[in-house]
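Remarks on the overall topology
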Amino acid sequence: TPRAPEVVNSLSNSYEVILLFGALILISALLFQEQLCRLLDVEPYYLFAICLVALLFGLVKVHAQAFRGLKKIAHYGIIEFALISLLTLLGIAILVLGKQSLDLFGLIVIYFGAVLLTALFSFIAWLKVTGMGGSALLRSMMDTSFKKLMAYIQFSSSFLLATSITMFSFWLMQFLLKYYHSSVEVGIYDIVSKLCMFITLPLYAVSAIIAPKLSSNYSGNEMKRFNANVRQGTLLSL
């Protein structure tokens, strides 16, 4: 059940891993601040905003995948794909309608607020859907030993590696463009790539629906249903 101690421990361990890696990223940014700012041609506040957003973004991802595991596909889809973008667009629209200046710093503040609100909303929604108290998560985080945390990191290292490679391949082109060209070309490429991602939305939708089903079928040794879901998912994707 969602209230099982294993779920609480997994979620609390995920929070601790995010905080640990967030601290490492922030320390690295402090140590190599001058080199990174020169490479990216940005002010220091932009660099640290990235670190803070990365920390919050990790929390959003954890909550989204938690809903996916519970087969709450609507919650998963909204948190994973829609809410941050919608809140960002809403903030921009408010500024534009209010005839306020829209500079880089303002965009950073809007995006940071959107990610922060999404992290809070997804956490509250998780507690409400599962009936899990925040005190249980806090106690679990306080009771986690260093040995257990390292075991959890070791267990999840393969997922971390796979996700890191995917993110690296996604962002590599933008870093290369920034090295050879200006921020204008990077922005144009980023907008075009986001538009092209609309083509893959049906695939994301199918995978979000079918992945929990396949996991449930396989764990329950229901191979006939497993094969039927694979066929249905393939047809929907086509």
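This text gives an overview of the structure that appears in the document.

Quick notes on the rules
- Residues numbered from 1 in each chain as written.
- Predicted model: local features only at pLDDT ≥ 70, side-chain atom pairs only at ≥ 80, totals over all residues.
- Heavy atoms only, no water.
- Phe/Tyr/Trp six-rings, centres within 6.5 Å; stacked < 30°, edge-to-face > 60°.
- Helix = DSSP H or I, 4+ residues; strand = E, 2+ residues; numbered from the N terminus.
- Buried < 20%, exposed > 50% of the residue type's maximum accessible area, 1.4 Å probe, protein only.

Here we come to the packing of aromatic side chains. In this structure the tally under the stated criterion is 5 aromatic pairs. Centre to centre, the rings of Tyr 45 and Phe 105 are 5.4 Å apart; their planes meet at 70 degrees, and the pair counts as edge-to-face. Residue Tyr 45 is located in helix α3 (residues 44-69), and its partner Phe 105 is located in helix α5 (residues 104-130); the two are separated by 60 residues in the primary sequence. By relative accessible area, which is 36% here, Tyr 45 ends up partly exposed. Pairing Phe 67 with Trp 126 gives two aromatic rings, centres 5.7 Å apart and planes at 80 degrees, and the pair type is edge-to-face. Of this pair, Phe 67 sits in helix α3 while Trp 126 sits in helix α5, and the two are 59 residues apart along the sequence. Taken as a pair, Phe 67 and Trp 126 share a single burial class, namely buried.

Moving on: unusual backbone geometry. Of note, the phi angle at Asn 221 is positive, near 60 degrees, even though the residue is not glycine. Take Asn 221: it is sitting in the loop between α10 (201-219) and α11 (223-237). Given a relative accessible area of 60%, Asn 221 falls into the exposed group.

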